[in-house]
Amino acid sequence: MSLSSDPAGIFAIETHGLSKHFGRHAAVDDLSIRVPAGTIAGFVGPNGAGKTTTLRLLLGLVRPDGGSATILGHSLTEPGRYLPRVGALTEAPAFYPGLSGRTNLEVLARLGGHPGSRVGELLELVELSDRARDRVGTYSLGMKQRLGVAMALLPDPELLILDEPANGLDPLGIIGIRELLRGLVAQGKTILLSSHMLGELERVTDWLIMLNQGKALFCGPAHELLAQRVEVVVEAEDAVQLGLLARIVGDAGYAVTREDHALRIACPPGFAETLTRQAREAGAPDLSIRVIEASLEQLFLALLKGERS
Amino acid sequence: MISVIRAFRSEVLKFRRWSVLAVAGVMLAVSTFIAYLTFHQIASGATGREMTGLIAAFHTPQGLVSIIGQARSLIIAIALVMVTANLAAEWSQGTMRNLLVREPHRLRWLAGKMLALVLFVVLFVLLSMLLTLLVSGIFILVLAQGQGIQTTPWTSAEGLRVFAAFLGNEVLCLIGVSALGMIIAVLTRSVAAGVGIALAYILVVEGIIAVVLPQVTQWFPGRVFNTIVGTTVPLVGPTPPQGYPAALAAALLWTVGFVVASAVVFPRQDVTA
């Protein structure tokens, strides 16, 4: 895994060989990642990749078995030094269903020593003012999610750790969250954003961390990853020729998706030229080969397939 | 200290939940109803074996406390369930992670929460005593004096001393029971398991062991918490066979032990819920 350099050199999060085991299972395995200050970092990986455990480690909720980390300049072993400047929404937001949205926020505001006026401001921000006095048990999933975002913003954090913040939101809500995140980054805040909505991540993130089986597959600027790979689309009427090409791509170690009369290959940009030459040599000249920019989803799948193969 | 006060103030807000208020309401209703029944039986001239002691004590300085204390076994069980369920629910509901992100010093949070819970339980027990006093007042006005029942010893110097001793021991008992609830919740981290274990322990396990090893169980937490109150007024609970000072020392040791065990375990636990 390559750990790209950051020109600014100031990292809100840095981990070195961080590990966490549950029994024999390594949930996080020798993880070294970093997130530059003032960026939105996308945190992606399949289910069970170790994303949630990593977030819990950073929040001091679980204790690491090995490695170290620095968050906002303080060691992971001193959560009291950095957590007052961190806001978090981990997994599904959890609240006291018998209390109102306002009281739920007041519970945390009092605990964290935040002014009571902050509660009203945040309810306004997430557009829950009119339902603030209703029991959270009566809220929809999207409303709970918005309340969770308000909860994370309570301390006016320098670092915001969000796990699937757009889960359950309608399209307007998703756009609202996107705008909110951009606004927060414009204020100089850092956001670590874990999500399965890769298309949405691609729109907002400028730093990416890809995780699989507790290890980082990639950690660096999003544009660096996107430049690493393209999608090569090979089209042909002849199924035999396509089969031949699929074998060449497979031998080269790249992930290929077969459609009716086409192959989609996630690979480095230079591979298209190699493929054209090899196809000609193998006796499959009647092919249309196009190079298009790969989406984050395709890159993610390609990296994952590469990891598993 | 400021963190503990913050945690305390934060916890107080959560008492607005209907589930918490319902448990406290049950505590009030049950104790008042039992006091009502007891008065009613005495006033209506009941002569059952279980009533003999109560009737005999009714005219003494211990009379008031004997009536008030009739529901205390149930109140102890309710208090234990309430503390265990309330703390364990932070894990079961997933709210623990929100709380510990806002207050990473876990022991300070636990101290603030337990302080609020113990005060809440004690407050409601006092409130139930007040209601019982109201019931007794009504009975005295309506029935007792008409039947020549004397209640003046209740408010004599000795009566007030007995009441104060009962109150002090009851508060100690509730603190001990709350500490027991705390360690059960910290170890189980689940409402269902916590409440199940707490009730099974206090209502069944100690009783079964008492049959086999009575000499040993007299030192068990449930027993000593209960018997220190029984010392004041034997009619409201068993008296400690080992004597009050020894039972009190054991109760304090258990309480400190539960607090220390919780303080050792809780900061080292992974919050995965």
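All of these numbers come straight from a predicted model, not from anything done at the bench.

Asks: Is there a simple way to explain the overall build of chain B in this structure?
Replies: Helix and strand counts for chain B stand at twelve helices and zero strands. Shown N-terminal to C-terminal, the secondary structure of chain B runs as helices and strands in the order α-α-α-α-α-α-α-α-α-α-α-α. A globule of 273 residues ought to have a C-alpha radius of gyration of about 19 Å, and chain B, at 20 Å, matches this closely. Dimensions of chain B, computed from the C-alpha atoms along their principal axes, are close to 65 × 40 × 30 Å. A burial count over chain B gives 51% of its 273 residues as buried. Within chain B, contacts between residues separated by at least 24 positions form 77% of all contacts whose residues are at least 6 apart in sequence. Carbon and sulfur atoms form 73% of the exposed surface of chain B, whose accessible area is close to 11600 Å². Positive and negative charge centroids in chain B, built from 16 and 8 side chains respectively, lie 9 Å apart.

Asks: I'm lost on the pattern of salt bridges in this one. Help?
Replies: Oppositely charged side chains can form a pair if their charged atoms are brought close together. Residues and elements named next belong to chain B. Applying the stated criterion across every chain, the model contains 18 salt bridges over all chains. A salt bridge links E11 to K113, with the shortest nitrogen-to-oxygen separation between them at 2.8 Å. With a gap of 102 residues between them, E11 in helix α1 (residues 2-14) and K113 in helix α7 (residues 106-144) connect regions that are remote in the sequence. The exposure class assigned to E11 is buried, which follows from its relative accessible area of 0%. According to the relative accessible area criterion, K113 is buried, its value standing at 0%.

Asks: It is not clear to me how the packing of helix α11 (residues 221-232) of chain B against helix α12 (residues 244-265) of chain B should be interpreted in this structure. Could you clarify?
Replies: A packed helix pair is summarised by two numbers, namely the angle formed by the two axes and the spacing between the axes. All names here are of chain B. Viewed as axis vectors pointing N to C, α11 and α12 meet at an angle of 135 degrees, and their least axial separation amounts to 9 Å. Classified by the interaxial angle, the pair formed by α11 and α12 is oblique. α11 and α12 meet at a crossing whose hand is left-handed. For the pair α11 and α12, the contacting residues are P221, V224, F225, T227, I228 and T231 in the first and Y244, A247, L248, A250, A251, W254, T255 and F258 in the second. A breakdown of the residues in the contact of α11 with α12 according to their chemical character gives eleven nonpolar, three polar and no charged.

Asks: What exactly am I supposed to notice about the nonpolar core here?
Replies: A general trend in soluble globular proteins is that nonpolar side chains are found buried together. Core analysis: the biggest nonpolar cluster contains 159 residues, and A:L192 and B:W109 have the highest contact counts within it. Each residue touching A:L192, except ones within four places of it in the same chain, is listed here: A:I13, A:V35, A:A41, A:F43, A:L55, A:L58, A:L160, A:I161, A:L162 and A:I209. Core analysis: the next-biggest nonpolar cluster, separate from the first, contains 18 residues, A:V230, A:V249, A:C267 and A:F271 among them.

Asks: Explain the sheet that holds strand β10 (residues 207-212) of chain A to me, please; I cannot follow it from the model alone.
Replies: Each strand in a sheet pairs with another by means of backbone hydrogen bonds, the pair being arranged parallel or else antiparallel. Residue and element names in this part refer to chain A. If you trace the six strands from one edge of the open sheet to the other, you get β7-β8-β9-β4-β10-β11, paired in mixed fashion. The sheet terminates laterally at β7 (86-89) and β11 (215-221), the two strands that pair on one side only. The sheet shows a mean angle of 10 degrees between the axes of neighbouring strands, taken without regard to direction. Note: strand β4 (residues 40-44) against strand β9 (residues 190-194), four bridges, orientation parallel. Within the sheet, the bridge partner assigned to I40 lies in β9 and is I191. Across the sheet, helix α6 (residues 171-186) touches β4, β8 (159-163) and β9, and the angle it forms with β9 is around 150 degrees.

Conventions we followed
Residues numbered from 1 in each chain as written. Chains lettered and ligands numbered in written order. Predicted model: local features only at pLDDT ≥ 70, side-chain atom pairs only at ≥ 80, totals over all residues. Heavy atoms only, no water. Helix = DSSP H or I, 4+ residues; strand = E, 2+ residues; numbered from the N terminus. Rg over C-alpha atoms; globule rule 2.2 N^0.38 Å. Buried < 20%, exposed > 50% of the residue type's maximum accessible area, 1.4 Å probe, protein only. Contact = heavy atoms within 4.5 Å. Areas by Shrake-Rupley, 256 points an atom, 1.4 Å probe, with all protein chains shown as cover. Lys, Arg positive; Asp, Glu negative; His and termini not counted. Charge placed at Lys NZ, Arg CZ, Asp CG, Glu CD. Salt bridge = Lys/Arg side-chain N within 4 Å of Asp/Glu carboxyl O. Axes fitted to C-alpha atoms, helices over the stretch in contact; angles between N-to-C directions. Parallel < 35°, antiparallel > 145°, perpendicular 65-115°, else oblique. Left-handed = near helix turned anticlockwise from the far one by under 90°. Nonpolar A, V, L, I, M, F, W, Y, C, P; charged D, E, K, R; others polar. Core = buried A, V, L, I, M, F, W, Y, C linked by side-chain atoms within 4.5 Å. Pairing = 2+ DSSP bridges.

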